[in-house]
2 protein chains.
Amino acid sequence: MAQSADAKAYNAKVYVTLRPSVLDPAGTAVRSGLSHMGYDNVSKVRIGKYIEVELTAESEVAAKSQLDKICDQLLANPVIENYRIEILEAVAV
Amino acid sequence: MAQSADAKAYNAKVYVTLRPSVLDPAGTAVRSGLSHMGYDNVSKVRIGKYIEVELTAESEVAAKSQLDKICDQLLANPVIENYRIEILEAVAV
């Protein structure tokens, strides 16, 4: 994956969430804890991951394509998790 | 925290990130793993939490105020973490 001279820097934000059908014990525990703390108007809590990635790529499309692979292979478990990717161009390298 | 009849439902998204000055060993490990997998164009990875909260409140301002307290008390560690809150109004209850 050699970078050519015109590779650009991108800042990506990746949101990994449990699929709606998957139980979230940690979220349930937080909701229960909030209830004990007096916040009984909180009806649901779901906990996911938020990952910031800095990378260089030829184009935004290339960056998105690579991040899709990275999510499938490492950041998310596609069996139980969904992910969403946002990409912003950073300053040129 | 009794709810009056005109309480509205809100969906909030909370992003908890480590302060920039705090080391992120998990993020560094992911970056290193990606490098070993051939993704050597990834220069930085920071891992945070993404939390979805459903709650009812009198107003968006009240919901925001309560979520600030919840973050300070439970969801984030203010010493080493920052948080950001986004609130969307859900269907009326």
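Preceding this paragraph is the structure being described.
Residues numbered from 1 in each chain as written. Chains lettered and ligands numbered in written order. Predicted model: local features only at pLDDT ≥ 70, side-chain atom pairs only at ≥ 80, totals over all residues. Heavy atoms only, no water.

Chemist: I would appreciate a short explanation of helix α2 (residues 60–75) of chain A in the present structure.
Modeler: In an α-helix there are 3.6 residues to a turn, and that puts residues three or four apart on one side. Its 16 residues place the ends of α2 of chain A only 19 Å apart at the C-alpha level, less than the 22 Å of an ideal helix rising 1.5 Å per residue. Along α2 of chain A, the residues that are buried comprise Ala 63, Gln 66, Leu 67, Ile 70, Cys 71 and Leu 75 of chain A. Here the buried residues of α2 of chain A occupy an arc of 145° about the axis, which is enough to place them on one side. Buried-residue contacts for α2 of chain A involve β1 (8–18), β2 (42–57) and β3 (81–89) of chain A together with α1 (25–36) and β2 (42–57) of chain B. (Helix = DSSP H or I, 4+ residues; strand = E, 2+ residues; numbered from the N terminus. Expected span 1.5 Å × (residues − 1). Buried < 20%, exposed > 50% of the residue type's maximum accessible area, 1.4 Å probe, protein only. Arc of directions from axis to C-beta. Contact = heavy atoms within 4.5 Å.)

Chemist: Before we go on, may I ask you to explain the pattern of salt bridges in this structure?
Modeler: Charged atoms that come close allow side chains of opposite charge to pair. Residue and element names in this part refer to chain A. Tallied over the entire structure, the rule returns four salt bridges over all chains. We note a salt bridge from Asp 68 to Lys 64, for which the minimum N-O separation is 3.1 Å. Taken together, the positions of Asp 68 and Lys 64, both in helix α2 and four residues apart, correspond to about one turn of that helix. Of the charged contacts in the structure, one is a salt bridge between Arg 84 and Glu 86, with a shortest N-O distance of 3.0 Å. (Salt bridge = Lys/Arg side-chain N within 4 Å of Asp/Glu carboxyl O.)

Chemist: Can you help me understand the layout of surface pockets in this one?
Modeler: Gaps between atoms show up when a probe of the same size as a water molecule is rolled over them. Within this model, the largest pocket holds a volume of roughly 300 Å³. Residue lining of the largest pocket: 17 residues in total, with Lys 44 and Arg 46 of chain A together with Glu 52, Val 53 and Glu 54 of chain B positioned closest to the centre. Secondary-structure elements contributing two or more residues to the lining of the largest pocket are β1 and β2 of chain A together with β1 (8–18) and β2 of chain B. For the lining of the largest pocket, the leading source of residues is β2 of chain A, giving five residues. (1 Å grid on protein atoms, 1.4 Å probe; cavity = no way out; pocket = protein on both sides within 12 Å on 5 of 7 lines; lining within 4 Å. Points joined across faces, edges and corners; volume = space filled by probe spheres on them.)

Chemist: How do you make sense of the sheet that holds strand β3 (residues 81–89) of chain B when you look at a structure like this?
Modeler: Spatially, the six strands line up as an open sheet ordered β3(A)-β1(A)-β2(A)-β2(B)-β1(B)-β3(B), and their pairing is antiparallel. Each end of this open sheet is capped by a strand with a single partner; those strands are β3 of chain A together with β3 of chain B. In this sheet, neighbouring strand axes are inclined to one another by 20° on average, regardless of whether the strands run parallel or antiparallel. One ladder, built from nine bridges, connects β1 of chain B with β3 of chain B; its direction is antiparallel. For Val 16 of chain B, the partnering residue across the bridge sits in β3 of chain B and is Tyr 83 of chain B. Along the sheet, α2 of chain A contacts β1, β2 and β3 of chain A together with β2 of chain B; its crossing angle with β3 of chain A, the most-contacted strand, is approximately 150°. Sheet strands in contact with helix α2 (residues 60–75) of chain B are β2 of chain A together with β1, β2 and β3 of chain B, and its direction is about 150° off that of β3 of chain B. (Pairing = 2+ DSSP bridges. Axes fitted to C-alpha atoms, helices over the stretch in contact; angles between N-to-C directions.)

Chemist: Whenever I open this one, the interface of chain A and chain B confuses me. Can you help?
Modeler: Accessible area lost upon the coming together of the parts serves often as the stated size of an interface. Across the contact, 33 residues belong to chain A and 33 residues belong to chain B. Overall, the association of chain A and chain B removes approximately 3,000 Å² of surface from exposure, summing both partners, and the carbon and sulfur fraction of that is 58%. Summed over the three residues of chain A that lose the most area to chain B, namely Tyr 39, Asn 41 and Tyr 50 of chain A, the buried surface amounts to 22% of that side. Summed over the shared surface of chain A and chain B, the result is zero salt bridges. Counting across the interface, chain A meets chain B through 14 residue pairs in polar contact (both at pLDDT 80 or more). The greatest single-element share of the side of chain A that touches chain B, amounting to 15 residues, is contributed by β2 of chain A. Of the strand pairs in this sheet, β2 of chain A and β2 of chain B are connected by 13 bridges, and their pairing is antiparallel. Note on β2 of chain B: the bridge partner recorded for Val 42 of chain A is Leu 55 of chain B. (Buried area = accessible area lost by both parts, 1.4 Å probe. Polar contact = N/O pair within 3.5 Å; in protein donor to acceptor, adjacent residues only side chain to side chain.)

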